[in-house]
Amino acid sequence: MDFLKPRYTPMSRRRKIYEGKAKILYEGPEPATLIQHFKDDATAFNAKKHEIVDGKGVLNNRISEYVFQRLNEIGVPTHFIRRLNMREQLIREVEIIPLEVVVRNVAAGSMATRLGIEEGTQLPRSIIEFYYKNDQLGDPMVSEEHITAFGWATTHEIDDIIALATRVNDFLSGLFLGIGIRLVDFKIECGRLWENDMMRIVLADEISPDTCRLWDIKTNEKLDKDRFRRDLGGLIEAYTDVARRLGIMAENEPPQGRGPVLVQ
Ligand code: UDP
């Protein structure tokens, strides 16, 4: 029944819209859609550190699919439509707001360094920060004043972004707590989705161990990209552990997805 399946242009002939550090966006099969392709590239410190980690893209595709699906189900609007294959997902085309929105529950990383707070300190309440997405400038932190003055988003849009980020944080904190993981912090990106004359802010990009800090509740073991940033090793093992705990990867399934596939 192969002829009934939608046909996708072979990867080599697809029009590339954008290539980032860890993902590629291709033109989608229908108008207003794109294909988001997860690469195995791991980068840190504004791409000064770069390695290929076999299987990372496959894991992030699966983990991000799971998280976005769960968020869609509780009415958090996202760009996610469906996963297409091991490395790709179909998404709605949105106008990306040039901000990295970071939500923190526990002091870590740049905040711990900047403010001299010991890593692992629970914050008095969740804190939301904005960074201007600009690699040349190293994604500088900005305030709502900068965002509105330079026209990156309106006051109303910032309110929507904060509401979205808060809902995502509450949902993800519970989701991860249920599988013995502490959600320390994470980064999201938002986009404008146009439907006729209506525009709404939706969650875009990805949510994966590349964009979150995830610590084991009992051991504080890092199950995220800090394993790469801090040369701790065992990145694939950690990401696979997250996928297994979420119940999205069978016990012995190889992360590379090169294992035998049952054809039905
Ligand atoms: N983060 C991200 N992309 C970035 C910068 C940060 O996904 O370009 C995530 C990072 O994984 C962490 C959170 O945002 O979960 C906060 O990162 P932080 O500001 O501490 O920066 P870092 O320590 O990564 O430099």
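Residues numbered from 1 in each chain as written. Predicted model: local features only at pLDDT ≥ 70, side-chain atom pairs only at ≥ 80, totals over all residues. Heavy atoms only, no water.

1. A closer look at the overall build of the protein chain
Each helix and strand in the protein chain was counted, giving six helices and 14 strands. Among the 264 residues that make up the protein chain, the fraction classed as buried is 49%. Considering only residue pairs separated by 6 or more positions, the protein chain has 57% of its internal contacts joining residues 24 or more positions apart. Only carbon and sulfur atoms are counted for the fraction: they give 52% of the accessible area of the protein chain, which is about 13800 Å². (Helix = DSSP H or I, 4+ residues; strand = E, 2+ residues; numbered from the N terminus. Buried < 20%, exposed > 50% of the residue type's maximum accessible area, 1.4 Å probe, protein only. Contact = heavy atoms within 4.5 Å. Areas by Shrake-Rupley, 256 points an atom, 1.4 Å probe, with all protein chains shown as cover.)

2. Quick look at the sheet that holds strand β7 (residues 88-92)
One open sheet accounts for five strands, arranged β1-β2-β3-β7-β6; its pairing is antiparallel. The two strands at the open ends of the sheet, each matched to only one other strand, are β1 (16-19) and β6 (80-83). Here the average twist between neighbouring strands, direction ignored, is 25°. Here three bridges tie β6 to β7, and the two strands are oriented antiparallel to one another. What sits directly across from R83, in β7, is Q89. Relative to β6, helix α1 (residues 56-73) is tilted by about 135°, and along the sheet it contacts β3 (33-38), β6 and β7. (Pairing = 2+ DSSP bridges. Axes fitted to C-alpha atoms, helices over the stretch in contact; angles between N-to-C directions.)

3. So, the confidence of the model for the protein chain
Of all residues in the protein chain, 90% attain a pLDDT of 70 or more, and the chain-wide mean is 93. Note on residues 257-264: pLDDT is under 50 here. Beyond four places in sequence and across chains, it has two contacts. (pLDDT = per-residue confidence, 0-100.)

4. Focus: the pairing of strand β5 (residues 49-52)
If a strand is regular, its side chains alternate between the two faces of the sheet. Bridge count for strand β4 (residues 41-44) against β5 is four bridges, and the pairing is antiparallel. Across the sheet, A44 pairs through a bridge with K49, a residue of β5.

5. Remarks on the side chain of D205
Tracing the backbone through its elements, the reader meets D205 in the loop between β13 (198-204) and β14 (212-216). Overall, D205 belongs to the buried group, its relative accessible area being 12%. For D205, the side chain forms a polar contact with the side chain of K23, separated by 2.9 Å. A polar contact is formed between the side chain of D205 and the side chain of K187, at a distance of 3.2 Å. Those residues in contact with D205, other than ones at most four positions away along the chain, are K23, Q36, F68, H79, K187 and E189. (Polar contact = N/O pair within 3.5 Å; in protein donor to acceptor, adjacent residues only side chain to side chain.)

6. Observations concerning the packing of α1 against helix α4 (residues 155-177)
At a closest axis distance of 11 Å, the pairing of α1 and α4 adopts a crossing angle of 120°. Between α1 and α4, the angle falls in the class oblique. At the point where α1 passes α4, the crossing takes the right-handed sense. In this structure, α1 uses Y66, V67, R70 and L71 to contact α4, whose residues at the interface are V168, F171, L172 and L175. Classifying every residue of the contact of α1 with α4 by side-chain character gives seven nonpolar, no polar and one charged. (Parallel < 35°, antiparallel > 145°, perpendicular 65-115°, else oblique. Left-handed = near helix turned anticlockwise from the far one by under 90°. Nonpolar A, V, L, I, M, F, W, Y, C, P; charged D, E, K, R; others polar.)

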